[in-house]
Amino acid sequence: MARSISQPQAVAKRESVALRGCVNSATSPDMDWIDLAVILAALAVGGILTLPALARAPLWRAALTPLASIIGSGFLVLGPILAISYGRWAPLAMAALCVAAYALGGAVRANIARRAAGPRTRAEEALDRAASWVLAFAYIISVAYYLGLFGAFALERTGIASDISQRGLTTAVFLVILVTGWTKGFAALERMEQVAVSLKLAVIGGLLAGMATVFATASGPASPGLTDAPASVTGWAALSLAFGLIVTVQGFETSRYLGAEYDPATRNRSMRLAQIVSTAIYMGYVLLLTALFDPSHMSMSETAIIALMDQIAPSLPLLLILAALVAQFSAAVADTGGAGGLLAELTSDRIAPRTGYALLAAFGIALTWSADIYAIIAYASRAFALYYALQCAIAARGHWTEARLPALWYSALSLTALAMALFGTPVEGG
């Protein structure tokens with residue numbers, strides 16, 4: 001069982017964090033200039049995202065949903081996990097996760113195109129129904145993941161953060177979502193999506209700008225460069241850990257369920273766009289993080305990124321906390337609605353959506369109190385990996401009589417995703 005770092009340990013780790021190459025005033029760039037770069041970049045990205053031409057563009061609007069899911073909570077926890085676990089190989093591990101996600105997305109795109117082309121075989125339909133059941137279950141776990149991080153980030157600067165208080169707050173938010181969905185539905189809360197994505201991307205723009213400014217202006221004998229720290233996990237442990245992190249780069253499958261709003265070609269193009277944008281963001285983030293910070297001084301805690309960004313600019317921690325709260329809540333609402341809708345569809349309305357919300361809340365609260373966030377991440381990764389294994393199997397079956405080479409490729413992907421589902425392991429905190 002994975003475990004979170006205790007609060008006293010986290011404080012001790014936080015005090016020891018120092019920027020590589022920026023450990024004293026002689027080498028540190030002026031904090032005011034970094035703050036200015038952060039704020040200007042965030043405003044610029046936010047301004048671009050609110051331009052009417054972009055906001056109304058069908059391709060961008062279709063990309064918002066998968067992008068919101070991909071660049072979510074995973075962005076906040078993944079950097080320190082990779083840096084501590086893989087050391088100098090962290091950027092390569094990040095690239096491997098993004099490549100794997102893009103390949104799995106290719107199977108989903110192939111299934112979108114085939115579904116639009118005409119009737120599918122009975123085997124494809126049966127696999128698709130099984131995949132939908134798995135996805136409903138994966139959504140249930142992912143909501144516990146989102147809200148667990150919501151609780152951790154909400155209490156980060158309060159002085160009362162502990163396992164009990166975080167889980168208590170997570171439980172309270174579960175109940176708020178349940179009551180809202182049970183009594184009024186999610187229409188009002190779902191309008192937050194575009195605002196949440198724009199805010200999140202604006203903050204990420206500020207974060208990357210601040211880190212890039214420090215990297216570009218730091219000098220001296222210890223000036224930043226890619227870390228030479230060794231990996232703390234190797235061999236099979238490193239591979240199984242990567243399997244357990246696939247959930248942090250997933251979310252692209254949401255394009256599969258936007259058929260009422262967008263045609264197949266738009267959904268496929270928007271999924272590619274979302275995955276390319278998210279890959280660029282993730283790679284820039286991990287490269288800068290490993291260049292600026294010594295992994296041995298990082299803590300394996302849910303909110304480790306806050307302590308690190310404290311060293312970049314005073315404005316960043318509060319911006320990250322705000323973006324995290326909005327992103328986690330909106331993602332939890334979206335997945336709760338998705339799970340309720342899928343359960344109703346799969347049972348021909350024998351399980352009504354609001355009954356599905358109740359089941360989700362009950363399971364999510366039980367999971368919140370029985371497992372820590374890293375175990376929940378691994379559980380969610382396994383559930384989504386099984387979903388992608390089934391999607392790849394659908395693509396393989398659909399191509400089998402027409403194009404054997406793609407069919408073999410999707411079969412290999414299906415087996416790889418199945419291995420992720422079977423062998424993914426959680427991070428060990430501490």
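Since we're looking at a predicted model, the values are computed, not measured. One numbering rule holds for all chains: residues counted from 1, following each sequence as written. Per-residue local features of the predicted model are confined to residues with pLDDT of at least 70, and side-chain atom pairs are confined, for both listing and counting, to 80 or more; whole-chain, interface and lining totals are unaffected and use all residues. Working from all heavy atoms in the structure, the side-chain values ignore hydrogens and water.

Caption draft 1: Here's a closer look at the pattern of salt bridges. Here, a salt bridge means any side-chain nitrogen of Lys or Arg that lies within 4 Å of a carboxyl oxygen of Asp or Glu. Summed over the entire model, instances satisfying the criterion amount to five salt bridges. A salt bridge links Asp128 to Arg120; its shortest N-O distance comes to 3.2 Å. Accessibility classification places Asp128 together with Arg120 in one group, the buried group. For Asp128, the salt bridge goes to Arg256, with nearest N and O atoms at 2.9 Å. Here Arg256 lies in the loop between helix H11 (235-243) and helix H12 (264-292) and Asp128 lies in helix H7 (residues 122-154), a separation of 128 residues in the sequence. The buried label applies to any residue whose accessible area, calculated with a 1.4 Å probe on protein chains only, is under 20% of its type's maximum; exposed applies above 50%, and partly exposed to all values in between. A relative accessible area of 11% means that Arg256 is categorised as buried. Where salt bridges share partners, they join Arg115, Arg120, Glu125, Asp128 and Arg256 into one cluster. Under the DSSP-based scheme used, a helix requires at least four consecutive residues in state H or I and a strand at least two consecutive residues in state E, with every element numbered from the N terminus.

Caption draft 2: Expanded view of a nonpolar patch on the surface. Candidate patch residues must exceed 30% relative accessible area and have no salt bridge, after which like charges are joined if within 9 Å and Val, Leu, Ile, Met, Phe, Trp or Tyr side chains if within 5 Å. The method behind every accessible area is Shrake-Rupley, applied with a 1.4 Å probe, and residues are considered shielded solely by the protein chains displayed. Together, Trp236, Leu239, Leu386, Leu415, Leu418, Leu422 and Phe423 line one region of the surface with nonpolar side chains, adding up to about 670 Å² of accessible area. Here the nonpolar patch gets four residues from one element, more than from any other, and that element is helix H17 (residues 404-423). Its place among the elements puts Leu239 in helix H11. Classification of Leu239 by relative accessible area gives partly exposed; the value is 38%.

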